Amino acid sequence: MDWYTDSVPRGSAAVKTRTVMNDCITRGAEKTVSYPLALRIASEFASSLVVCFAIYAVSTLGTAMYGVNMAFVAVATGLAYMTAAVVFGRVSGAQTNPAVTLAAMLMGRTRIVDGVSYIVAQLVGALGAGALIVKLLPTSSPLTATIWLTPAVHGFDDGSVSY
C-alpha cells in the first residue's frame, strides 16, 4: 500500500495534512467473477420463487386475514425484490423478472442463451411459488381456497374466482 500526503502551503497558520490510502479509491479495477450457467439459472429460479412467494403471500394471507392495504403490499414487494437482489445479485444479477431479462438481452448485457435460460427459470420459479402458496393456504370445508385467492386472482366470467 502506498500512501501520499497533500499539504496546505507552508505560509498558512495551520498546516493541514490529509492522508489518503490509494487502495480505497477504485478506478474500474473491480474483478468480475463468472459463475457456471447452472448456478446462475438456479439463482434466477430461487430469486423468482422468493419474490413471487412474498407477493402472493402478502396478497392472499395479508389481505384476507389482516385487511392490509395496497401500500403495505407495495412495501412488501419492494422488500422482497431488495432481498432477492442482495442474496442472489452476485451470482446472476437477480434479474428476477422476464421483462428485465428480455431488456438485458436486447441491450446486449445478457447473452441470448443465458437470457432464455433465465426466463424459463423465472417462469418455473413463479409457478412454483404459486403452487407453494396454494398448498400452504389453510383451507377447510367452510374456508375454501376461493376466500384466499379472491384478492390475488381476478378472472373473467366463469373463470373468475369471485364469480
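Let us look at the structure shown here. (Residues numbered from 1 in each chain as written. Predicted model: local features only at pLDDT ≥ 70, side-chain atom pairs only at ≥ 80, totals over all residues. Heavy atoms only, no water.)

Some remarks on the overall build of the protein chain
Applicable threshold: Secondary structure elements follow DSSP: runs of H or I of four or more residues count as helices, runs of E of two or more count as strands, with numbering from the N terminus. With a 1.4 Å probe rolled over the protein chains alone, any residue whose accessible area is under 20% of its type maximum counts as buried; one over 50% counts as exposed, and the rest are partly exposed. We call two residues contacting when some pair of their heavy atoms lies within 4.5 Å. Surface accessibility follows the Shrake-Rupley procedure with a 1.4 Å probe radius. Residue values consider only the protein chains on display as shielding.
Of regular secondary structure, the protein chain possesses five helices and two strands. Its helices and strands taken in sequence order, the protein chain reads β-β-α-α-α-α-α from the N to the C terminus. For the protein chain, the proportion of its 163 residues judged to be buried stands at 26%. Here the contacts in the protein chain between residues at least 6 apart in sequence split such that 56% fall between residues at least 24 apart. Of the roughly 11,100 Å² of accessible surface on the protein chain, 65% is carried by carbon and sulfur atoms.

Notes on the environment of V50
Take V50: it is sitting in helix α1 (residues 37-66). Spatially, the C-alpha atom of V50 lies 8.7 Å from that of T83, the residues being 33 residues apart in sequence.

What to know about helix α4 (residues 112-136)
Short version of the rule: The span you would expect from a helix comes to 1.5 Å times its residue count less one.
For α4, with 25 residues, the first-to-last C-alpha span of 36 Å sits near the 36 Å given by 1.5 Å per residue. Among all positions of α4, only D114, G115, S117, Y118, I119, A121, Q122, G125, A126, A129, G130 and I133 are buried.

Here's the deal with a nonpolar patch on the surface
Under the convention used in this document: Like-charged residues within 9 Å of one another, or nonpolar side chains (Val, Leu, Ile, Met, Phe, Trp, Tyr) within 5 Å, are grouped into patches, provided each residue has over 30% relative accessible area and no salt bridge. Criterion for a salt bridge: a side-chain nitrogen of Lys or Arg within 4 Å of a carboxyl oxygen of Asp or Glu.
A cluster of nonpolar side chains, F45, I112, V116, V120 and V124, forms an exposed patch at the surface whose accessible area comes to about 420 Å². The element best represented in the nonpolar patch is α4, accounting for four residues. Exposure remark for V116: the relative accessible area of 44% places this residue in the partly exposed category.

Section: the environment of Q122
Within the secondary structure, Q122 is located in helix α4. Along the backbone, Q122 and A42 are 80 residues apart, and their C-alpha atoms lie at a distance of 9.3 Å. Those residues in contact with Q122 that lie beyond four places of it in its chain are E44, S48, Q95, T96, N97, P98 and T101.

Looking at the pattern of salt bridges
Evaluated as defined, the whole model comprises two salt bridges. A salt bridge links R40 to D114; the shortest N-O distance between them is 3.0 Å. Taken together, the positions of R40 in helix α1 and D114 in helix α4 put the pair 74 residues apart, joining distant regions of the chain. Each of the two residues, R40 as well as D114, counts as buried. Here D114 ties to R111 by a salt bridge, and the two come within 3.1 Å at their closest N and O atoms. Since its relative accessible area comes to 6%, D114 is described here as buried. Taking the relative accessible area as the measure of exposure, R111 reaches 57% and is therefore exposed.

Description of helix α2 (residues 70-92)
Filter applied, for reference: What the bend at a residue measures is the angle between two axes, fitted to the seven residues ending there and to the seven starting there.
Roughly 45 degrees is the biggest bend found in α2, and it falls at V86. If you check which residues of α2 are buried, you get V73, A76, T77, A80, A84, F88 and S92. One or two positions beyond α2, positive phi appears at G93, with a value near 95 degrees.

With respect to unusual backbone geometry
Residues other than glycine predominantly adopt negative phi, and peptide bonds predominantly adopt the trans conformation. Backbone geometry places A94, a non-glycine residue, at a positive phi of 50 degrees. A positive phi angle, near 60 degrees, is found at T96, a position not held by glycine. Here T96 shows up in the loop between α2 and α3 (98-107). Given a relative accessible area of 6%, T96 falls into the buried group.

Structural measurements only, silent on function.
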